[in-house]
Amino acid sequence: MDNFFWYIMAGVVLALVIAALIVVVSNIRHWRATRRSGPAAGEEGALGVEGSSGEEPSGPGASSGPDSAGARPGEPGEPSDRGPAADAAEAVEEGRPVAVAGQTPPAPAGAVQLDETPDAGPEAPGTRLSRLRRRLASSNNALARGLAQLLASDRIAASTWEDFEAALISSDLGVRPTTQLVAALKSRLAIEGVSDPAEARTVLREELVRLVDPSMDRELHLNPDGAPAVVLVVGVNGTGKTTTVGKLARALVASGRTVLLGAADTFRAAAADQLTTWGERIGVETVRGPEGADPASVAFDAVKTAQAKGVEVVLVDTAGRLHNKTNLMDELGKVKRVIEKIAPVQECLLVLDATTGQNGLVQARVFAEVVDVTGIVLTKLDGSAKGGIVVAVQQELGVPVKFIGLGEGADDLAPFDAGQFVDGLLDQ
């Protein structure tokens, strides 16, 4: 009986020991699971987390589970004792941007950077002229090359004159102006007995300026009484009419004029948007109509708006059209007639691409018959343009070149000046 009692007691003790071991093992497993998943809800306050209230975190920065903020890969949930230097070093190693105190963090790769540099405003006409002259001097211009070849000769032989004539004709100067220039140069150099290269350069400059004709009226005529002056801008496709309108508006604003833009190019989808962008950049209003609208009605509305608001100048952009398309040219004539029902067209500027050469003369003749061109704007005169077109188009139409463009910048349009143009060709 006594032995049976002790057997029972031993079994009870063994059962208690086994139960205790089970409880210990369960607690160990629970503790390990708690370490992997981070502190349980309600324990954050006990761990000393700043700003925690025992509630579950929420919002964009909240995290739970093994990807908690501050947990390093391979060591989830463990508090980090790394300082800012260690964080920066790891960011550099991983190619991530490093935030520096007092500086704006760098934008992530692929982000669009907006240029917030304020516009310095339109450039003054005087500085614009001298800058464009320097650019013309450095351009690869056929007329400039021919002049340089003549001036480089110690003795001008008959063959030199022949090469010079060929260079002038290839520069689109035209046969008649070339003959006039060569004859004048030969006469003056022979009669005056010029042998010094500096004197020869002076004679050449004087004859070139005379050929370009500084006496032509190159002013942009605006109404002195304050009524809106209408400037109609025409030309074939691709010459840069819309850009020229924007640059001209910018130059007029720089001179203190109030300007309104009329987007009468309703044929090209992006033309009105392009002109509106120019208007926003220089702070002037743009009047436009729906795509495909009657261009004459848009031009009419632009002039009416300018009259109502007391604007001084209305620049009307028109659709590019081939000079050999009769119906399109008739439409251009209609635009001018409709405008003149409420205001005279003070200026009609024909935009020509200087690189087109003699083909530009054909375009000029046709446009002059339809809208009575009062001035020429020569674009793209830098680079490989043939500077002789300036003389040729003036002699052909009897119309002055009033503006020249030598680049794509907002201020790369300047009033044409015969002396400045010749000095640029002669690199003076």
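Caption draft 1: Quick peek at a nonpolar patch on the surface. On the surface, a nonpolar cluster with roughly 400 Å² of combined accessible area is contributed by Phe4, Ile8, Val12 and Leu16. Inspection of the secondary structure puts Leu16 in helix α1 (residues 2–37).

Caption draft 2: Summary view of the sheet that holds strand β8 (residues 413–415). Taking strand neighbours across the sheet as the criterion, the eight strands line up as β3-β2-β4-β1-β5-β6-β7-β8 in an open arrangement whose pairing is mixed. Looking along the sheet, the strands with just one partner apiece sit at the ends: β3 (285–288) and β8. The average undirected angle you get between the axes of adjacent strands in this sheet is 25 degrees. Bridge count between strand β7 (residues 401–405) and β8: three bridges; the pairing is antiparallel. Residue pairing in the sheet places Gly405 in a bridge with Leu413 of β8. The sheet strands contacting helix α13 (residues 358–371) are β1 (229–234) and β5 (345–353), and the helix crosses β5 at an angle near 160 degrees.

Caption draft 3: The environment of Leu185, seen in detail. Along the chain, Leu185 falls in helix α7 (residues 175–191). When the C-alpha atoms of Leu185 and Glu207 are compared, they prove to be 7.2 Å apart, with 22 residues separating the residues in sequence.

Caption draft 4: A look at the packing of aromatic side chains. For the structure shown, the criterion picks out two aromatic pairs. A ring pair is formed by Trp161 and Phe164, whose centres lie 6.1 Å apart and whose planes are at 65 degrees; its orientation type is edge-to-face. One end of the pair is Trp161 and the other is Phe164, both in helix α6 (residues 158–170) and three residues apart, which spans about a single turn. Judged by its relative accessible area of 1%, Phe164 is buried.

Caption draft 5: Here's a closer look at the pairing of β7. Of all five residues in β7, five are buried; the element is thus mostly enclosed. In this sheet, β7 lies alongside strand β6 (residues 375–379) in parallel orientation, the contact comprising three bridges. Bridging from a neighbouring strand, Leu378 pairs with Ile404 of β7.

Caption draft 6: Representation of the pattern of salt bridges in the model. Following the criterion strictly, the structure yields 14 salt bridges and no others. A salt bridge links Asp423 to Arg205; the nearest nitrogen and oxygen atoms lie 2.6 Å apart. Of the two residues, Asp423 is situated in helix α15 (residues 418–425) and Arg205 in helix α8 (residues 197–212); the sequence distance between them amounts to 218 residues. By relative accessible area, which is 27% here, Arg205 ends up partly exposed. Each of Arg188, Glu206, Glu207 and Arg210 takes part in a single network of salt bridges with overlapping partners.

Caption draft 7: Representation of the pairing of β3. As paired strands, strand β2 (residues 259–264) and β3 are joined by four bridges and run parallel to one another. Considered in β3, the bridge of Leu260 is made with Glu285. For the segment spanning β2, helix α10 (residues 271–282) and β3, crossover handedness is right-handed.

Caption draft 8: Local environment of the packing of α6 against α7. Two elements in contact, α6 and α7, have axes whose closest approach is 10 Å; the angle formed by their N-to-C orientations is 145 degrees. α6 and α7 meet at a crossing whose hand is right-handed. When α6 is examined against α7, the residues Trp161, Phe164, Glu165, Leu168 and Ile169 are found in contact with a partner set consisting of Thr178, Leu181, Val182, Leu185, Lys186 and Leu189. Each residue belonging to the contact of α6 with α7 can be placed in one class, and the counts come to eight nonpolar, one polar and two charged.

Caption draft 9: Structural context of the nonpolar core. Residues Ile339, Ile376 and Leu378 are the most contacted members of the largest nonpolar core, which totals 64 residues. If you tally residues by element for this core, the top one is α8, at six residues. With 23 residues, the next largest nonpolar core counts Leu220, Val351, Val377 and Phe403 among its residues.

Caption draft 10: Region of interest: the confidence of the model for the protein. For the protein, the mean per-residue pLDDT works out to 74, and 66% of the residues sit at or above 70. The secondary structure element of the protein with the lowest average pLDDT is helix α2 (residues 44–47), at 38, and the one with the highest is β2, at 96. This stretch, residues 37–82, has a pLDDT under 50; its non-local contacts, to residues over four places away or in other chains, come to 22 contacts. Throughout residues 91–118 the model reports pLDDT below 50, and contacts reaching past four residues in sequence, or to other chains, amount to nine contacts.

Caption draft 11: Highlighting helix α12 (residues 326–339). Over its 14 residues, α12 extends 20 Å from the first C-alpha to the last, a length consistent with the 20 Å expected when each residue adds 1.5 Å. Among all positions in α12, only Met329, Leu332, Gly333, Val335, Lys336, Val338 and Ile339 are buried. Lining the buried residues of α12 we find β1, α11 (295–309), β4 (313–318), β5 and α13.

Caption draft 12: The arrangement of the packing of α11 against α12 in detail. It is the contact of α11 with α12, at a shortest axis distance of 9 Å, that shows an interaxial angle of 25 degrees. Classified by the interaxial angle, the pair formed by α11 and α12 is roughly parallel. Along this stretch, α11 crosses α12, giving a crossing that reads as right-handed. Of the residues in α12, those touching α11 at Pro295, Ala296, Ala299, Phe300 and Val303 are Glu331, Lys334, Val335, Val338 and Ile339. Grouping the constituent residues of the contact of α11 with α12 by class yields eight nonpolar, no polar and two charged.

Parameters and conventions
Residues numbered from 1 in each chain as written. Predicted model: local features only at pLDDT ≥ 70, side-chain atom pairs only at ≥ 80, totals over all residues. Heavy atoms only, no water. Patch = residues over 30% accessible without salt bridge, like charges linked within 9 Å, V, L, I, M, F, W, Y side chains within 5 Å. Areas by Shrake-Rupley, 256 points an atom, 1.4 Å probe, with all protein chains shown as cover. Salt bridge = Lys/Arg side-chain N within 4 Å of Asp/Glu carboxyl O. Helix = DSSP H or I, 4+ residues; strand = E, 2+ residues; numbered from the N terminus. Pairing = 2+ DSSP bridges. Axes fitted to C-alpha atoms, helices over the stretch in contact; angles between N-to-C directions. Contact = heavy atoms within 4.5 Å. Phe/Tyr/Trp six-rings, centres within 6.5 Å; stacked < 30°, edge-to-face > 60°. Buried < 20%, exposed > 50% of the residue type's maximum accessible area, 1.4 Å probe, protein only. Right-handed = clockwise from strand over helix to strand, strands pointing away. Left-handed = near helix turned anticlockwise from the far one by under 90°. Nonpolar A, V, L, I, M, F, W, Y, C, P; charged D, E, K, R; others polar. Core = buried A, V, L, I, M, F, W, Y, C linked by side-chain atoms within 4.5 Å. pLDDT = per-residue confidence, 0-100. Expected span 1.5 Å × (residues − 1). Parallel < 35°, antiparallel > 145°, perpendicular 65-115°, else oblique.

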